[in-house]
Amino acid sequence: NNDYIGFVPLSADGSRGLLCVNHEYTNEEVMFPALGRQDRAGFAGMTQALVDIEMAAHGGSVVEVVRDDTGKWAAVRGGKMNRRITPLTTAMTLDGPAAGHRRMQTNDDPTGVNVMGTFNNCAGGLTPWGTWLMAEENFHGYFWTDVLDAKGKPDLSSHADAKQMKRYGIPGMWYAWGQHHDRFNIDVEPNMPNKYGWVVEVDPMDPTSTPVKHTALGRFRHEGAETTVSTDGKLVVYMGDDNRFDYQYKYVSNGSVSEDRAANAGLLSDGTLYVARFDEDGSVTWMPLVHGTGPLTAENGFNDQGDVLIDTRLAADLLGATPMDRPEDAQPRGDGTAYIMLTNNNK
């Protein structure tokens, strides 16, 4: 279930390179034909061992490839840069305004700056300096609750962030992970969903590097994360929230893109996130999602910039962003324009 491939060249002629490949989700009925989603209510038979196999099939891969003299490509077996990143990857950090936020603090990470793994990585992108952006999309579907109402639906009445959870569709209970791992059970870890729904930057050139979730780019169901450089040298990232009636976003860095790869490391943590309003006259207004701007204040539940970014959808609601027909992809042309692809909206 691949939804993105990026290519990072390792040679001047492009005959060697790295494939950056997302593995968005798994089909239990295919992996375990007699088990899984055939019994959605109880996920009968989905043991922790099977769940762990399923988790290991999520995430992404970095694969070194080479083209021979005949033009045939092959994977480099045992390549030093080959790498898997999964929901079980322990070395991963958060940065930006929401890192360390009280709503990021969990039992396994009271600091709120570390997070285990990534999943439901849909599309993504490559930065101008060759790092890979993994976009976390339908993260809500992986969370679980044992507390149901009279109709058998999740009962969020005891959760402080019930409004936010409902807006994000948490818990979706698509998988049995929360039956075997407490971090996917919101009854045990109510803040854990806040650590997912971000854009993750991976350096494919360094297999020992730690992936970083950039909270400055907002939390929603990220489909793509396509980059370009503005005429004044700023990094621009276009991102769609792939949900019916959700919004189109872009991020603009404060700093400028440099030829120095190391100097670009902070561009995705220091900048401004915008959401689009498309007006009847054909114009577009990019509205900044900045704490203290317009209705984004404590009176409306946003105590700081961390709240704005954790609850990006709710902030965009208040600003009056234009509901879209599932914005999946954006392709910037490099001349200040971009094409946006909308999937559908049968509602």
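Refer to the structure printed above.
These notes cover the structure that comes with them. Fair warning: this is a prediction, and the values are worked out from it, not measured in the lab. (Residues numbered from 1 in each chain as written. Predicted model: local features only at pLDDT ≥ 70, side-chain atom pairs only at ≥ 80, totals over all residues. Heavy atoms only, no water.)

Grouped together as the largest cluster of nonpolar side chains are 68 residues, with contacts concentrated most on Phe143, Met239, Tyr249, Val275 and Leu289. Ranked by the residues each element gives to this core, the list is headed by helix α6 (residues 312–319), at four residues. (Core = buried A, V, L, I, M, F, W, Y, C linked by side-chain atoms within 4.5 Å. Buried < 20%, exposed > 50% of the residue type's maximum accessible area, 1.4 Å probe, protein only. Helix = DSSP H or I, 4+ residues; strand = E, 2+ residues; numbered from the N terminus.)

Here the focus is the packing of aromatic side chains. What the rule picks out here adds up to 15 aromatic pairs. Pairing phenylalanine 7 with tryptophan 73 gives two aromatic rings, centres 6.0 Å apart and planes at 80 degrees, and the pair type is edge-to-face. Within this pair, whereas phenylalanine 7 is found in strand β1 (residues 2–9), its partner tryptophan 73 is found in strand β4 (residues 73–75), the two being separated by 66 residues in sequence. Given a relative accessible area of 33%, phenylalanine 7 falls into the partly exposed group. With 6.1 Å between their ring centres and 50 degrees between their planes, phenylalanine 139 and tyrosine 168 make a pair best called tilted. Taken together, the residues span a long stretch of sequence, with phenylalanine 139 in the loop between β8 (132–136) and α3 (162–168) and tyrosine 168 in helix α3 at a distance of 29 residues. For the pair phenylalanine 139 and tyrosine 168, a shared accessibility class is recorded, and that class is buried. An aromatic cluster is built from Phe119, Tyr142, Phe143, Tyr175, Trp177, Phe184 and Tyr196, whose rings are joined through pairwise contacts. Just above the ring of tyrosine 168 sits the side chain of arginine 219; from NZ or CZ to the centre is 4.3 Å. A cation over an aromatic ring shows up here: lysine 250 above the ring of tyrosine 274, its NZ or CZ 5.9 Å from the ring centre. (Phe/Tyr/Trp six-rings, centres within 6.5 Å; stacked < 30°, edge-to-face > 60°. Lys NZ or Arg CZ within 6 Å of the ring centre and 35° of its normal.)

Before going further, it helps to spend a moment on the sheet that holds strand β10 (residues 212–214). Ordered in space as β6-β10-β9-β8-β7, the five strands form an open sheet in which the pairing is mixed. Lying at the two open borders of the sheet, with one neighbouring strand each, are β6 (93–95) and β7 (121–126). Averaged over all adjacent pairs, the angle separating strand axes in this sheet is 30 degrees, with direction ignored. The pairing of β6 with β10 spans three bridges and is classified as parallel. Paired with aspartate 95 across the bridge in β10 is histidine 214. (Pairing = 2+ DSSP bridges. Axes fitted to C-alpha atoms, helices over the stretch in contact; angles between N-to-C directions.)

The subject of this paragraph is empty space enclosed by the protein. By the definition in use, this model includes two cavities of 30 Å³ or more. Here the largest cavity is characterised by a volume of approximately 50 Å³. Asp161, Gln164, Met165, Tyr168, Ile170, Pro190, Pro193, Asn194, Arg219 and Asp311 are the residues that line the largest cavity. Of the residues assigned to the lining of the largest cavity, the class counts are five nonpolar, two polar and three charged. Within this model, the second largest cavity holds a volume of roughly 40 Å³. For the lining of the second largest cavity, the elements supplying multiple residues, two or more each, are β12 (234–240) and β18 (327–332). (1 Å grid on protein atoms, 1.4 Å probe; cavity = no way out; pocket = protein on both sides within 12 Å on 5 of 7 lines; lining within 4 Å. Points joined across faces, edges and corners; volume = space filled by probe spheres on them. Nonpolar A, V, L, I, M, F, W, Y, C, P; charged D, E, K, R; others polar.)

This model, assessed by the stated rule, comprises 15 salt bridges. Two residues, aspartate 317 and arginine 167, come together in a salt bridge whose shortest N-O distance is 2.8 Å. Highlighted residues: aspartate 317 in helix α6 and arginine 167 in helix α3, separated in sequence by 150 residues. Under the relative-accessibility criterion, aspartate 317 is labelled partly exposed at 31%. Aspartate 279 is the salt-bridge partner of arginine 277, the closest N and O atoms lying 2.9 Å from each other. Take arginine 277: its relative accessible area is 29%, and that puts it in the partly exposed class. A residue is classified by how much of its surface remains accessible, and aspartate 279, at 26% relative accessible area, is partly exposed. The network of salt bridges with common partners includes Arg167, Asp241, Asp246, Arg313 and Asp317. (Salt bridge = Lys/Arg side-chain N within 4 Å of Asp/Glu carboxyl O.)

What follows is about the sheet that holds strand β15 (residues 271–278). Strand order in the open sheet made by the five strands is β11-β12-β14-β15-β16, with antiparallel pairing throughout. In the strand order of this sheet, the two ends are held by β11 (226–229) and β16 (284–288), each with one partner. Here the average twist between neighbouring strands, direction ignored, is 30 degrees. The sheet contact formed by β11 and β12 spans four bridges and is antiparallel. Bridged to valine 229 within β12 is leucine 235.

As a further point, take the pairing of strand β14 (residues 248–256). Relative to β14, β12 runs antiparallel, the two being bridged by six bridges. By the bridge assignment, methionine 239 is partnered in β14 with tyrosine 249. Bridge analysis of β14 against β15 gives five bridges, and the strand direction is antiparallel. Within β15, the residue paired with lysine 250 across the bridge is tyrosine 274.

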